[in-house]
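# Summary of the model geometry
So the chains spell out like this:
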Amino acid sequence: MTTDEKRTPLGDGWDGNDGAGGRAADRSGQGVVLAFGQSMKTLRLRAGLEREEFGRRLGYSASSIASFEQGRRIPSPRTIDKADEVLGAGGLLTLWKDQVERAQYSVFFQGMAALEKECVELLAYDALVVNGLLQNEDYMRALLAMWRPLLDQETIDQRVTARLARQDIFERRPTPLLSFVMGEAVLRHRYGGTGVLRGQLEHLLLIGQKGNVEIQVMPLVCEDNPGVDGPFTVVTRKDGKKFVYSETYTTSALETDPEQTVLTAARYGIIRSQALTPRESLKFIEGLLGEL
């Protein structure tokens, strides 16, 4: 196995682990988005619907419909299903769902997004922000609003849609085992203001009640932490193969070398053992809420 095969570069995604970087969608996916938009427009015109009426039936404004049709905004899978139904397309639009979903992410993150959809176990350590899979919408928008250079509203909406779509992992059957450890500092940063943080902490408490989810906090007073090198995620596929995703502000990588992935999984185990237990962590989060 070559070095390139062991460590594949991905897109950057410091604000929530979705490889968005500075682009709304990777150029390789733009053609798919444009083709889908043209198909939807053709079917809308064939059905004799103006954008206003079509948008009303889907729950969007006419300008949003225009953005979908012109490839400037990526619709969610549910929106595609509804559009297919409203236009009587007989599945012509739903055929695009998988391709359009992949186009939401940078080409470099598409592999990781696919792993999330098929994994049996996901272990994530975060030291900067709440993991993207655990973020609520207000927290997402607060992080994206801090991006520099500034993102336009359409790009922010698109990234929020993409990130929310990843959270279907919590409803998947069979349910994967999901473990998240985050530094206490992550839970104290008031990104977007006190109200946003309060909502995010409440969201964590709700997700932490799920039987297949463990959320743990690494307290600031902990004197040992092998996660000082930064955030990472270990994903295990159905066949038992492990992958490690890591990122910095400007780059990300997917590690596939068996020795390194096993060692990283072991490192995560040490981190988890040093953090508060899931029950203690939920009580800790409740305490932080009480301080707000």
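Before any of the text, the structure's been laid out above.
The following refers to the structure shown. Remember, predicted model here, so these are calculated numbers, not experimental data.

### A word on the packing of aromatic side chains
All told, the structure shown has five aromatic pairs when counted by the stated rule. Their ring planes at 85 degrees and their centres at 5.1 Å tell us that Y60 and F68 sit as a pair that is edge-to-face. By relative accessible area, which is 1% here, F68 ends up buried. With a centroid separation of 6.3 Å and 85 degrees between ring planes, the pair formed by F232 and Y268 is classed as edge-to-face. Linking F232 in strand 5 (residues 232-236) with Y268 in helix 12 (residues 258-274), this pair joins segments that are 36 residues apart in sequence. Given the relative accessible area of 4%, F232 is considered buried.

### Observations regarding the pairing of strand 4 (residues 213-218)
The side chains of a regular strand alternate, residue by residue, between the two faces of the sheet. When you tally the buried positions in strand 4, you get five out of six residues, the bulk of the element. Where strand 3 (residues 177-183) lies against strand 4, six bridges are found, and the strand directions are parallel. When the bridges of strand 4 are listed, V181 appears paired with Q216.

### A short note on the environment of M182
Within the element layout of this structure, M182 appears in strand 3. Note on M182: relative accessible area 1%, which makes it buried. As a C-alpha pair, M182 and P219 span 37 residues in sequence and 8.8 Å in three-dimensional space. Aside from chain neighbours lying at most four places away, what touches M182 is D126, L134, L187, L204, I215, Q216, V217 and M218.

### Structural notes on the packing of helix 11 (residues 194-207) against helix 13 (residues 278-291)
At a minimum axis distance of 10 Å, the contact between helix 11 and helix 13 shows a crossing angle of 160 degrees. The angle between helix 11 and helix 13 places the two elements in the roughly antiparallel class. Between helix 11 and helix 13 lies a crossing of left-handed hand. Along its contact with helix 11, which presents R198, L201, E202, L204 and L205, the element helix 13 presents L282, I285, E286, L288 and L289. Residues of the contact of helix 11 with helix 13, tallied by class, amount to seven nonpolar, no polar and three charged.

So, how was this worked out
Residues numbered from 1 in each chain as written. Predicted model: local features only at pLDDT ≥ 70, side-chain atom pairs only at ≥ 80, totals over all residues. Heavy atoms only, no water. Phe/Tyr/Trp six-rings, centres within 6.5 Å; stacked < 30°, edge-to-face > 60°. Buried < 20%, exposed > 50% of the residue type's maximum accessible area, 1.4 Å probe, protein only. Helix = DSSP H or I, 4+ residues; strand = E, 2+ residues; numbered from the N terminus. Pairing = 2+ DSSP bridges. Contact = heavy atoms within 4.5 Å. Axes fitted to C-alpha atoms, helices over the stretch in contact; angles between N-to-C directions. Parallel < 35°, antiparallel > 145°, perpendicular 65-115°, else oblique. Left-handed = near helix turned anticlockwise from the far one by under 90°. Nonpolar A, V, L, I, M, F, W, Y, C, P; charged D, E, K, R; others polar.

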